[in-house]
Amino acid sequence: MREVVILEKVYGDRSGFHKLNRKLKALVGELDVEWKLSAVEKNWVKVSLKGEDEEVAGNLVRDEFGEVPYSLRAIGEGMTYEGRLIDLGKVGYGVYADVGVFKPRPKDALIPLHYLKECFGDMPVREMIGKFGWVDNLPVELTVSSVQFGAREIEARFSDAQLKRIRSWISDGYDKLFIAGTVSENVERALIETGHGRDVRRMEELGLMETLLVLKKGTQAPGIIREIGPLIRGAVIGAVKF
């Protein structure tokens, strides 16, 4: 049996399992392999593969979805990793991101406050979280600044590409919604049912269960949240408001 913990999480309404099964059927469905999906540490998804073609299927899954680092020893300074914002607002000295480190014990990467202030100005971290619409499980790309193996600490910053993206989100003048905890198809269905599909300029899948909505000029995020929120109850919604 081959097991791969991929760079996707399933949580909220757990609709991501159904979507992942469809993706895997398209990816490895013609191979001699069976697969099973399960959630492991902090809701990362494990794909278990068994069959004559399990090695080939495992490689295809890694190529398609990526794989977590597993161990702190696999984390290198200056290297870039996919992560998820986590436990937002619980501390005032920065924000944490889960990069998929399980051993020797689960460890998140700290994006320190002094770095955030350099990037976004002198404001408390909790103000940044609210102002920028950040929600738990928002996918982010990080570059590791330092790893202290003795203290088992990871410090990171946003990658150049991620920082450019965030700055664009908070400066282009369009209200936005970050929706985490349901697949984009459910978000689209809620928009159609409420008649607000016409108010969306762009929909972007940030991850399996994370969607960005860029709203049209004149459309305000709070109004859309009130309308679609009851239809996607498993989800958490953050907003950028201009």
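Here's a quick rundown of the structure. Values in this document were obtained by computation on a predicted structure and should not be read as measured data.

A few points about the sheet that holds strand S12 (residues 210–215)
What the 4 strands build is an open sheet, ordered S11-S12-S10-S13; its pairing is antiparallel. What marks the edges here is a single partner per strand, and that holds for strand S11 (200–207) and strand S13 (236–240). Taken pair by pair, the neighbouring strands of this sheet meet at an average axis angle of 20°, ignoring direction. Here S11 runs beside S12; their pairing, made up of 6 bridges, is antiparallel. When the bridges of S12 are listed, Glu 205 appears paired with Thr 211. Sheet strands in contact with helix H6 (residues 184–194) are strand S10 (176–180), S11 and S12, and its direction is about 160° off that of S11.

What about the pairing of strand S8 (residues 139–148)?
Where strand S5 (residues 80–86) and S8 come together, 5 bridges link them in antiparallel fashion. If you follow Thr 80 over to S8, its bridge partner there is Thr 143. Both S8 and strand S9 (residues 153–158) contribute to a ladder of 6 bridges, which runs antiparallel. From the neighbouring strand, Leu 142 faces S9, where its bridge partner is Phe 158. Hairpin geometry of S8 and S9 is characterised by an intervening segment of 4 residues between the two adjacent antiparallel strands and by a positive phi of about 55° at Arg 152.

Overview of the packing of helix H3 (residues 113–120) against helix H5 (residues 160–169)
Contact pair H3 / H5: the axes reach a minimum separation of 11 Å and the direction vectors enclose 55°. On the basis of the axis angle, H3 is oblique to H5. For the element pair H3 and H5, the recorded crossing hand is right-handed. Contacts from Tyr 115, Cys 119 and Phe 120 of H3 reach H5 at Leu 163, Ile 166 and Arg 167. Split by residue class, the contact of H3 with H5 holds 5 nonpolar, no polar and 1 charged.

Criteria and thresholds
- Residues numbered from 1 in each chain as written.
- Predicted model: local features only at pLDDT ≥ 70, side-chain atom pairs only at ≥ 80, totals over all residues.
- Heavy atoms only, no water.
- Pairing = 2+ DSSP bridges.
- Helix = DSSP H or I, 4+ residues; strand = E, 2+ residues; numbered from the N terminus.
- Axes fitted to C-alpha atoms, helices over the stretch in contact; angles between N-to-C directions.
- Contact = heavy atoms within 4.5 Å.
- Parallel < 35°, antiparallel > 145°, perpendicular 65-115°, else oblique.
- Left-handed = near helix turned anticlockwise from the far one by under 90°.
- Nonpolar A, V, L, I, M, F, W, Y, C, P; charged D, E, K, R; others polar.

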